[in-house]
Amino acid sequence: MLTSQSGGRTLAHWLDYSANRLHGTTIKNAGYTGVIRYIDSPTRLATKHTDQNEYRSHLAAGLAVLLVMQTTTTASDGGFSVGRAHARRALAGADHLGYQGPIFFTNDRTTLPNPSAWKSYLDGAASVLGIGRVGAYGFRNAMDVAVGHATYFWQAGRRSDVAPHTHIWQDNNTQVKVGGITCDRNLVLKGIGSVGGFLMSLSDEEQRDLFDRIFGMLRQRYFAKDDEGAVVEVGGDHPGATPATVLDSLDGNFLVNMIEVLDKRVTALEVAGVDVDRLATLLAPAVAKAVNDEFARRQNS
């Protein structure tokens, strides 16, 4: 995984790009843990935009995904009505993908000719999405003006200019080739919502500790179907007992049962600075394969 050190913490690098689409495994194998991809309404998707196939490949590869809406570099000068229209288009595209996270809106230039229009543009987006899902992209001048009109901040320009409230910094001095495509590299400074935000806010040691504790909980549990076909918890010596680490071995009711168990147990953990309720919700649907793979690795090591 490609990382940088800042203040004693390990920070991840994500990609953004527009020349073509990239499969999730290509990005993961290059060492990146997340992407920021363009979106528009389903009928307007072009080469630069993500689509269902690419988006699903990103999720399958375990990548964090954020979306950005941009038509032209100066579109934000259109103010509230344009922001509202763009948010409606972006929301249609996000719903088409099944994406529920933040969406960034842009002032993609070093200047900010009309600060009032920029704020109104973001307000227009918020009228559709709610301010909790609105992100702002631009240089330091745009980041400062966007405070109070967006929740998440993606800043371009020099590292020395990064605002204290910025979540992601786009390194405009470093472009990389991944899968034959030129990509911008971004440094994740702060976690964002449910898009890997909780894990990104933890150090590598804290992440390992959290997953070790989850794996330990699951390893100690066994389930089986009773005479009526219901999934019940049993002892490890019960005939037909299935270890809780094998989440895909029974029907969907078993997976639902384990999500509820995991949610309760992770919620009970005390991890400083992390909303473990939402962390449990984030981890539960994806943990089945991760647990199986991890235990297979440990058993073979």
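Residues numbered from 1 in each chain as written. Predicted model: local features only at pLDDT ≥ 70, side-chain atom pairs only at ≥ 80, totals over all residues. Heavy atoms only, no water.

Undergrad: For this particular structure, what's the right way to read helix H4 (residues 115-129)?
TA: For an α-helix, 3.6 residues make a turn, and residues three or four places apart therefore share a direction. Over its 15 residues, H4 runs 21 Å from end to end, which matches the ideal 21 Å to within 8%, given 1.5 Å per residue. Turning to H4, its buried residues number three or more, namely Ala-117, Trp-118, Tyr-121, Leu-122, Gly-124, Ala-125, Ala-126 and Leu-129. Buried-residue contacts for H4 involve helix H3 (79-97), strand E5 (103-106), strand E6 (134-138) and helix H5 (140-146). Downstream of H4 by a residue or two, Gly-130 has a phi angle that is positive, lying close to 85 degrees. (Helix = DSSP H or I, 4+ residues; strand = E, 2+ residues; numbered from the N terminus. Expected span 1.5 Å × (residues − 1). Buried < 20%, exposed > 50% of the residue type's maximum accessible area, 1.4 Å probe, protein only. Contact = heavy atoms within 4.5 Å.)

Undergrad: Please explain the confidence of the model for the protein as it appears in this structure.
TA: Caution applies to low-pLDDT parts of the model: their predicted coordinates are not meant to be read in detail. Averaged over all residues, the pLDDT of the protein equals 79, while 67% of them reach at least 70. Least confident of the elements in the protein is helix H6 (residues 197-200), whose mean pLDDT is 47; most confident is E5, at 98. Ignoring residues within four places in sequence, the model shows residues 245-258, a span with pLDDT below 50, making 26 contacts including any to other chains. (pLDDT = per-residue confidence, 0-100.)

Undergrad: So what exactly am I meant to see when it comes to the pairing of strand E7 (residues 152-157) here?
TA: Every regular strand shows the same layout, with side chains that alternate between the two sheet faces. The buried fraction of E7 is high, at six of six residues. Alternating positions in E7 separate into two faces, Tyr-152, Trp-154 and Ala-156 on one and Phe-153, Gln-155 and Gly-157 on the other, with burial throughout. With four bridges joining them, E6 and E7 adopt parallel strand pairing. Each residue of the ladder has a partner; that of Tyr-137, found in E7, is Trp-154. A crossover links E6 with its parallel partner E7, the connecting element being H5, and its sense is right-handed. (Pairing = 2+ DSSP bridges. Right-handed = clockwise from strand over helix to strand, strands pointing away.)

Undergrad: Is there a simple way to explain the layout of surface pockets in this structure?
TA: Picture a little ball the size of a water molecule; that probe, rolled over the atoms, points out where space is still empty. Volume-wise, the second largest pocket comes out at about 160 Å³. Taken together, Asp-16, Tyr-38, Val-68, Gln-70, Thr-106, Asp-108, Tyr-137, Phe-139, Trp-154, Gln-170, Asn-172 and Asp-184 form the lining of the second largest pocket. Of the residues in the lining of the second largest pocket, the class split is five nonpolar, four polar and three charged. (1 Å grid on protein atoms, 1.4 Å probe; cavity = no way out; pocket = protein on both sides within 12 Å on 5 of 7 lines; lining within 4 Å. Points joined across faces, edges and corners; volume = space filled by probe spheres on them. Nonpolar A, V, L, I, M, F, W, Y, C, P; charged D, E, K, R; others polar.)

Undergrad: Sorry, what's going on with the packing of aromatic side chains here?
TA: The relative placement of two aromatic rings is captured by the distance of their centres and the angle of their planes. Evaluated as defined, the whole model comprises five aromatic pairs. A centroid spacing of 6.3 Å and a plane angle of 80 degrees characterise the contact between Tyr-55 and Tyr-99, whose relative ring orientation is edge-to-face. Here the residue Tyr-55 occupies a position in helix H2 (residues 52-60), and Tyr-99 occupies one in the loop between H3 and E5, the gap between them amounting to 44 residues. Among the residues examined, Tyr-55 registers a relative accessible area of 7% and is labelled buried. (Phe/Tyr/Trp six-rings, centres within 6.5 Å; stacked < 30°, edge-to-face > 60°.)

Undergrad: Would you mind going over H2 with me for this structure?
TA: Buried residues of H2: Glu-54, Tyr-55, Ser-57 and His-58, and no others. Taken down its axis, H2 places every buried residue within 160 degrees of arc, on the same side. H2 presents Asn-53 and Ala-60 as exposed residues on the side facing more than 90 degrees away from its buried surface. The inward-facing, buried residues of H2 abut helix H1 (24-29), strand E3 (34-38), strand E4 (64-69) and H3. (Arc of directions from axis to C-beta.)

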